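Each chain, letter by letter, is given below.
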Amino acid sequence: MLDFLSRRFAAALVTLALATVVVFAVVEVLPGDPALVMLGTEARPDTLAALRAQYGFDQPLPVRYLHWIGGLLSFDLGNSHAYGTPVAKLIGDRLAVTLPLGALALSWAVLVAVPLGVLAAWKHGTAGDWGVMGFTQIGISVPNFWFGIVLVLLFAVTWQVFPSGGFPGWRQDPRGSVVALVLPALALSLSEIAILTRVTRSAMLDTLREDYVRTARAKGAPERVVLFRHALRNALIPVTTVAGLIAGFLIAGAVIIESVFRLPGVGQLVYDSINNRDLVVIKNVVVLFTILVLAVNLLVDVAYVLLDPRPRVAA
Amino acid sequence: MSGFIARSRRHVGFQIGAVLLLLFVGTALVSLVWTPFPVDELRMRYKLLPSSPQNLLGTDHLGRDVLSRIMVGAQTSIAVGLISVGIGMSLGVALGAWAAARGGWVDEALSRTSDLIFAFPAVLIAILVTSVLGASARNAILAIAIFNIPVFARVTRGAALAMWSRDFVRAATALGQGPFGITWRHILPNIASVLIVQATIQFAVAILAEAGLSYLGLGAQPPVPSWGRMLRDAQTYIFQAPELALWPGLAVALAVLGLNMLGDGLRDLLDPRLRLMRVG
Amino acid sequence: MQSIPRRTFIGAAAAFAVFPAFGPEAWAQAKNRLVVGMSLEPPVLDPNKNAAAAIREITYQNIFESLARIDRTGAIVSGLAESWTISPDGLVYTFKLRPGVKFHDGEALDASVVKFAIDRLFAADSTVPAKSLYTDIASVEAVDPATVKITLKTPNSYLLYNIALCDAAIQHPKSAPTNDKHPVGTGAFQFKERKEGDSITLVKAPTFRDAGSIKLETVIFKVVKDPSAQVSALLAGDVDTFPGFQAPELVERLKKDARFAVVVGTTEGEVILATNNGKKPFNDLKVRQAMAHAINRAELIDAESGFGTPIGSHFAPHNKAYVDLTGTYPFDVAKGKALLAEAGYPNGFEASLKLPPVGYAQRAGEVLASQLGKIGIKVAITQLQWPQWLSEVFKERNYDLTIVAHTEANDIDRYARDGYYWNYDSPEFKAKWREVVAATDFAKRDELLKDCQRIIARDAVNGYLYQLAKIGVWKKELVGMWENSPTPATDLTGVSWK
């Protein structure tokens, strides 16, 4: 088991190392000259050259790559060219928006999806089941950013009970900040609700067929106890796994939703940094996201091993 | 085949999906020869009109007929879906089948590369790719196709490996048939259903992705009508003409819904035990 | 809208019930506090490190001051220098500094500081974005603590204007290295804090020489990029003013609200269909004239919801040296077609239009593509990110057509430059421009400027579309905001609540 996990870990490290090379290469070939972006249309060739030298843009690629990796390894992400401030601070500030957004969306998804899934499995084959499954079909088909726009239309434009976008900031207006995250989290959670509902339903259907559930039923246990104590508890294992997987993608996938609702989150940071050619920021954020995805995948592997004691062959 | 048709008559989801898909493709085909108004005709005097008998879905900020643009937008979505899935499928299936047949380092390299691609947050990479290559429908297709390749490769590899352990394949090997011939004659025909179903779902994912990229301004370029692009423009006018933000989104949702239902229906009808991937 | 699940609605309503009194007015209630909305976020906050206009819009006069000052009318008035004299040959400028000026960190202003600040603008290793404006300076001399003498290599009738710009802000040697993150100047407001991606907060500076005249205690510049979000922010009371509102199509919505004043003023931004004069077929005057005839300015301004003034040359209509040349090549599709046929393109040709990511260019782009289509020029639009536009279009000149606003004042001089991105090369214009720069008599300079406008209008160098309007939106109780935008600035020294 440990052998399997350490192999998975080593593979993740190799993937990460390759990922840094790919990210570095992609960022390097981005068209546009960061020095020209900073100095604008009136820049002279001599000032541009001086600035490039100042930022080290004129050094050979391998040197710059190693410099960056060295920084990463010593947890020094460098300074943003656009803002002049440390990249770590920039990312930290933005995570204060993106993480709560993802957490809100995920908890909302779990709160809605698990009961729906249980309901569908319990009423398997009935109109209720059909209704839930139809809803999940719609949920994975509606683009979440459009759902966000529709929410804005309803709650911000028509009824004016929620802001149409923007983020007041946790310190200035904690309550307003929570309010600002409600609609985006709703929009973000739609497809996750659909996926989690399906997973819960099929996991419940599986466990309801298990012997111990049948035994419990045969012994005359109340339906509530059968459903929640026996079946759901076991069905939660795959549900938790999928919820974990979703969490990783929620954060990375928030880019478009952040754009719809103008939230100053990590996704917007990358998007703006690409538009400003703030190369340091792009590189580091993409790599951080990659680490996040790899870590989630690894955790899922660990969870499988811990929950499923059967010996495994390489994935 | 007759069994398939009989069973499909009883599968409501499949039928709804098929109807929606027909509507989607039909709209695109009709728009090739006819739209209510010329699709790019600017009529500034008639901008931001609400729905009316002349302009069933109203007009946009440049006075263009929204219905006409949504109709032609279906062409864009289909083109993006077909090409990106086509690229992803042909390369992915080839790679996956090769990995399954050859094993060893090929298999290892393929799974490492897929891991690498799946490790990147797809949206961010698509944004980066379109930034590098320039914003255009072609480059959006490319960005989407990149993520389709490992999806098909994995599904193909998994299904093909299962086939390789079947008796009739072993028999074919014993008879001295080469791995290429076996893959071509025995493996691929037997895993075709899983690939068809996966392709349907990837088509849906591609349409969603194109809409998202165009919404960010990184997909199809104006004046080419694209549903995502229309949503981007509409959001600016959300106070004056809220309906503008409804129709293109509805079009995306219905097209994707149709494909998803069709895909799920196909899976039920062909083989309910298929193992698929849902990404994106 | 029926597709919204009922459950979602109930859930959201419940969430709302938990926060019954989420008060939008909470942000901007105090009468000495102002929240200014901005469309673009400044990168660093030092005009000597980055060319972004947003830096100037925040810092000019508020944080940083220059020797002279551009006022709300565009006139050059005294700044950190109380007065100045210009030698008869136009080569020596002597500035008398205002007494008692202190930087926000307590350092005093004297001639040595001014020398430091001006010297670094044109120094050999300077990385100042506007360096080219100051390379005519030969030397800066601190005559005594209150007197600075600037000597030029050649006379430059724009020197005073350039010295008044935010680019020539007087910075102290001690704080200059960190002004990008924590700007320290001599202005009425000092930097308090910044939240990247969100806001920049300034507070009244106790060190300011005339602190009594400043009514605002706290100023927050809040970045709201999206136009519809700007409207929401105003309506919700999160923001008191957008001095430069970027979404003309949404103005009607704001006019309906009695709380706001919508004030339309002038900017220095000429929106042009920039044309690569060095590339076939645009190197042919007839082709450019044909395009000029194809342009329907009324329709373009309509796409701007009626904001903007038609221009026929590269010059701001509110400038007193302006001459109306919109009739040079009037809108006439038939004439355009005929000229194109004369030039050898009876069936038109294909051209690319590379758009920068700015609202007006996006709006005008599709309209222009359609207009040029009517004389047979098939235009393919490509949207570029700003860095790509700068490299590909502006620097490498790899383009056919682009749409951009030239927002600097007096920027008709670009037509005299070698290797500028239009690839326009006219000895006639260059000679005329040399006369303009050397002119010491301003009345004569205006006449020369009119000639300049005529030359480029006649040559149809670019498509001249319209002058951008400055749409200012603010609460009606707010007084003292600038109506016009003679230079990128949000000068709040004279702003107060009624």
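It should be emphasised that the depicted structure is a prediction, and the values quoted were computed from it without experimental measurement. (Residues numbered from 1 in each chain as written. Chains lettered and ligands numbered in written order. Predicted model: local features only at pLDDT ≥ 70, side-chain atom pairs only at ≥ 80, totals over all residues. Heavy atoms only, no water.)

Q: Hey, could you run me through the overall build of chain A in this one?
A: Along its length, chain A carries 13 helices and 0 strands. The order of helices and strands in chain A, counted from the N terminus, is α-α-α-α-α-α-α-α-α-α-α-α-α. In terms of principal-axis extent, the alpha carbons of chain A reach across some 85 × 60 × 35 Å. Put simply, chain A has 315 residues, and 55% of those count as buried. Here the analysis covers contacts within chain A between residues at least 6 apart in sequence; of these, 72% occur between residues at least 24 apart. Split by element, the accessible area of chain A, about 13200 Å² in all, is 68% carbon and sulfur. (Helix = DSSP H or I, 4+ residues; strand = E, 2+ residues; numbered from the N terminus. Buried < 20%, exposed > 50% of the residue type's maximum accessible area, 1.4 Å probe, protein only. Contact = heavy atoms within 4.5 Å. Areas by Shrake-Rupley, 256 points an atom, 1.4 Å probe, with all protein chains shown as cover.)

Q: How do you make sense of the interface of chain C and chain A when you look at a structure like this?
A: The figure often quoted for interface size is the accessible area lost as the parts come together. Across the boundary between the two partners, chain C contributes 56 residues, which contact 59 residues of chain A. Taken together, both faces of the contact between chain C and chain A bury some 4800 Å²; the carbon and sulfur share is 62%. Notably, a salt bridge pairs Glu196 of chain C with Lys89 of chain A, separated by 2.8 Å at the nearest N-O pair. Connecting chain C to chain A are 14 residue pairs in polar contact (both at pLDDT 80 or more). No other element matches helix α1 (residues 6-18) of chain C, which puts 7 residues into the side of chain C that touches chain A. (Buried area = accessible area lost by both parts, 1.4 Å probe. Salt bridge = Lys/Arg side-chain N within 4 Å of Asp/Glu carboxyl O. Polar contact = N/O pair within 3.5 Å; in protein donor to acceptor, adjacent residues only side chain to side chain.)

Q: Even after reading the chapter, I still don't get the interface of chain B and chain C, so can you show me in this structure?
A: Between chain B and chain C, the contact holds 21 residues from the first and 21 residues from the second. Here chain B packs against chain C, burying approximately 1900 Å² in sum over the two surfaces, 55% of which is carbon and sulfur. For chain B, the biggest contributors to the area lost against chain C are Leu42, Met44 and Phe239 of chain B; these three give 29% of the whole. For the pair chain B and chain C, the interface holds 2 salt bridges. Across the pair Glu366 of chain C and Arg64 of chain B runs a salt bridge, and its minimum N-O distance is 2.4 Å. The element that contributes the greatest number of residues to the side of chain B that touches chain C is helix α9 (residues 227-236) of chain B, accounting for 4 residues. When grouped by side-chain class, the residues that make up the side of chain B that touches chain C number 11 nonpolar, 6 polar and 4 charged. (Nonpolar A, V, L, I, M, F, W, Y, C, P; charged D, E, K, R; others polar.)

Q: Where do I start with the sheet that holds strand β7 (residues 147-152) of chain C in this structure?
A: All names here are of chain C. Spatially, the 4 strands line up as an open sheet ordered β4-β5-β7-β6, and their pairing is antiparallel. Bordering the open sheet on either side are β4 (81-86) and β6 (137-144), each of which pairs with just one other strand. Across the sheet, the mean angle separating the axes of adjacent strands is 20° when strand polarity is ignored. Where β4 lies against strand β5 (residues 92-97), 5 bridges are found, and the strand directions are antiparallel. Across the sheet, the residue bridging to Ile86 is Tyr93, located in β5. Those strands touched by helix α3 (residues 111-122) are β5, β6 and β7, and its axis lies near 175° from that of β6. (Pairing = 2+ DSSP bridges. Axes fitted to C-alpha atoms, helices over the stretch in contact; angles between N-to-C directions.)

Q: So what exactly am I meant to see when it comes to the confidence of the model for chain A here?
A: Low-confidence regions, as indicated by low pLDDT, have predicted coordinates that should not be scrutinised in detail. All names here are of chain A. Mean pLDDT over chain A stands at 86; residues scoring 70 or higher make up 96%. Within chain A, helix α10 (residues 223-252) has the poorest average pLDDT of any element, 78, and helix α4 (residues 61-73) the best, 93. Predicted confidence for residues 309-315 stays below pLDDT 50, and this span has 5 contacts to residues more than four positions away or in other chains. (pLDDT = per-residue confidence, 0-100.)

Q: Teacher, can you tell me more about the domain arrangement of chain A here?
A: Residues and elements named next belong to chain A. As far as domains go, chain A holds domain 1 (2-73) and domain 2 (88-314). For domain 1 and domain 2, the distance between their C-alpha centres works out to 32 Å. Tallying the contact residues gives 20 residues for domain 1 and 18 residues for domain 2. Between domain 1 and domain 2, a total of about 1800 Å² is buried, with carbon and sulfur atoms accounting for 79% of that surface. The three residues of domain 1 that bury the most area against domain 2 are Phe4, Val27 and Trp68, which together make up 27% of that side's buried surface. (Domains from an automatic or database assignment.)

Q: It is not clear to me how the pattern of salt bridges should be interpreted in this structure. Could you clarify?
A: If charged atoms from side chains of opposite charge come close, those side chains can pair. For the structure on display, the rule yields 56 salt bridges over all chains. Residue Arg69 of chain B is joined to Asp40 of chain B by a salt bridge in which the shortest nitrogen-to-oxygen separation is 3.2 Å. Of this pair, Arg69 of chain B sits in helix α3 (residues 66-102) while Asp40 of chain B sits in the loop between α2 (12-33) and α3; the two residues are 29 residues apart in sequence, bridging distant segments of the chain. Classification of Arg69 of chain B by relative accessible area gives buried; the value is 4%. The salt bridge involving Asp459 of chain C is made with Arg458 of chain C; its shortest N-O contact spans 3.1 Å. What makes Asp459 of chain C buried here is its relative accessible area of 13%. Each of Glu42 of chain A together with Glu408, Asp413, Arg414 and Arg417 of chain C takes part in salt bridges that share partners, so that together they form one network.

Q: Which parts of the structure should I look at to understand the environment of Arg94 of chain A?
A: Mapped onto the elements of the fold, Arg94 of chain A is located in helix α5 (residues 87-122). Overall, the relative accessible area of 2% leaves Arg94 of chain A in the buried class. Filtering out sequence-adjacent residues up to four positions away, Arg94 of chain A remains in contact with Tyr83, Pro264, Gly265, Val266, Gln268 and Leu269 of chain A together with Glu196 and Gly197 of chain C.

Q: Looking at this structure, I do not really get the domain arrangement of chain C. What am I missing?
A: All names here are of chain C. Annotation of chain C at the domain level lists domain 1 (31-45 + 187-259 + 476-497), domain 2 (68-178) and domain 3 (268-469). The straight-line distance from the C-alpha centre of domain 2 to that of domain 3 is 34 Å. Each side of the interface is counted separately: domain 2 has 5 residues, and domain 3 has 9 residues. Contact with domain 3 buries area across many residues of domain 2, yet Ser157, Tyr158 and Tyr161 alone supply 77% of it, more than any other trio. Here domain 2 and domain 3 share 0 salt bridges between them. Applying the counting rule to domain 2 against domain 3 returns 3 residue pairs in polar contact (both at pLDDT 80 or more). Considered class by class, the residues forming the side of domain 2 that touches domain 3 number 3 nonpolar, 2 polar and no charged.

Q: Sorry if this is basic, but what is going on with the nonpolar core here?
A: Most often, soluble globular proteins keep nonpolar side chains buried together rather than apart. Ile282 of chain A, Trp227 of chain B together with Phe245 of chain C are the most contacted members of the largest nonpolar core, which has 174 residues in total. The leading source of residues in this core is helix α8 (residues 174-208) of chain A, at 17 residues. The residues contacting Ile282 of chain A, other than those within four sequence positions of it, are Val27, Leu30, Val270, Ser273 and Ile274 of chain A together with Leu128 of chain B. Residues Leu300, Ile301, Val367 and Val393 of chain C belong to the second largest nonpolar core, which totals 79 residues. (Core = buried A, V, L, I, M, F, W, Y, C linked by side-chain atoms within 4.5 Å.)

Q: Please clarify how the pairing of strand β17 (residues 463-475) of chain C should be interpreted in this entry.
A: Side chains on a regular strand alternate between the two faces of the sheet. Residues and elements named next belong to chain C. Extensive coverage of β17 is indicated by the burial of 12 of its 13 residues. Examined bridge by bridge, strand β11 (residues 241-242) and β17 share 2 bridges and lie antiparallel to one another. Pairing of Phe242 across the sheet is with Val473, part of β17. Note: strand β12 (residues 260-275) against β17, 11 bridges, orientation antiparallel. By the bridge assignment for β17, Leu273 is matched with Gly463. Across 2 bridges, strand β13 (residues 309-310) lies against β17 in antiparallel orientation. Directly across from Pro310, in β17, lies its bridge partner Tyr466.

Q: How do you make sense of the packing of α3 of chain B against helix α6 (residues 137-164) of chain B when you look at a structure like this?
A: Look at α3 of chain B against α6 of chain B: their axes get within 6 Å of each other, and the N-to-C directions meet at 35°. Our pair here, α3 of chain B against α6 of chain B, has a crossing hand that is right-handed. (Left-handed = near helix turned anticlockwise from the far one by under 90°.)

Q: Sorry, what's going on with helix α4 (residues 104-119) of chain B here?
A: Here α4 of chain B contains 16 residues, and its C-alpha end-to-end distance of 22 Å stays within 8% of the 22 Å for a straight helix at 1.5 Å per residue. Buried within α4 of chain B we find Val106, Asp107, Leu110, Ser114, Asp115, Leu116, Phe118 and Ala119 of chain B. (Expected span 1.5 Å × (residues − 1).)

Q: Where do I start with the confidence of the model for chain C in this structure?
A: Counting all residues, the mean pLDDT for chain C is 90, and 94% of those residues have values of 70 or more. For this predicted complex, the interface confidence score (ipTM) comes to 0.88, while the overall pTM stands at 0.87.

Q: Looking at this structure, I do not really get the packing of aromatic side chains. What am I missing?
A: For any pair of aromatic rings, geometry is given as the distance between the ring centres together with the angle between the planes. Taken as a whole, this structure holds 28 aromatic pairs over all chains when the rule is applied. Relative to Trp159 of chain A, the ring of Phe155 of chain A has its centre 5.6 Å away and its plane inclined at 75°; by these criteria the two rings are edge-to-face. Given a relative accessible area of 3%, Phe155 of chain A falls into the buried group. Geometrically, the ring pair formed by Tyr158 of chain C and Trp433 of chain C is stacked, given 6.1 Å between the ring centres and 10° between the ring planes. With Tyr158 of chain C in the loop between β7 and α4 (159-164) and Trp433 of chain C in helix α12 (residues 427-438), this residue pair connects regions lying 275 residues apart in the sequence. In this structure Tyr158 of chain C comes out as buried when scored by relative accessible area, which is 10%. For Trp433 of chain C, a relative accessible area of 9% gives the class buried. The rings of Tyr158, Trp386, Trp389, Phe394, Tyr399, Tyr415, Tyr420, Tyr421, Trp422, Tyr424, Phe429 and Trp433 of chain C are connected pair by pair, giving a single aromatic cluster. Here the guanidinium or amino end of Lys123 of chain A rests over the ring plane of Trp122 of chain A, the centre of that ring lying 4.1 Å away. (Phe/Tyr/Trp six-rings, centres within 6.5 Å; stacked < 30°, edge-to-face > 60°. Lys NZ or Arg CZ within 6 Å of the ring centre and 35° of its normal.)

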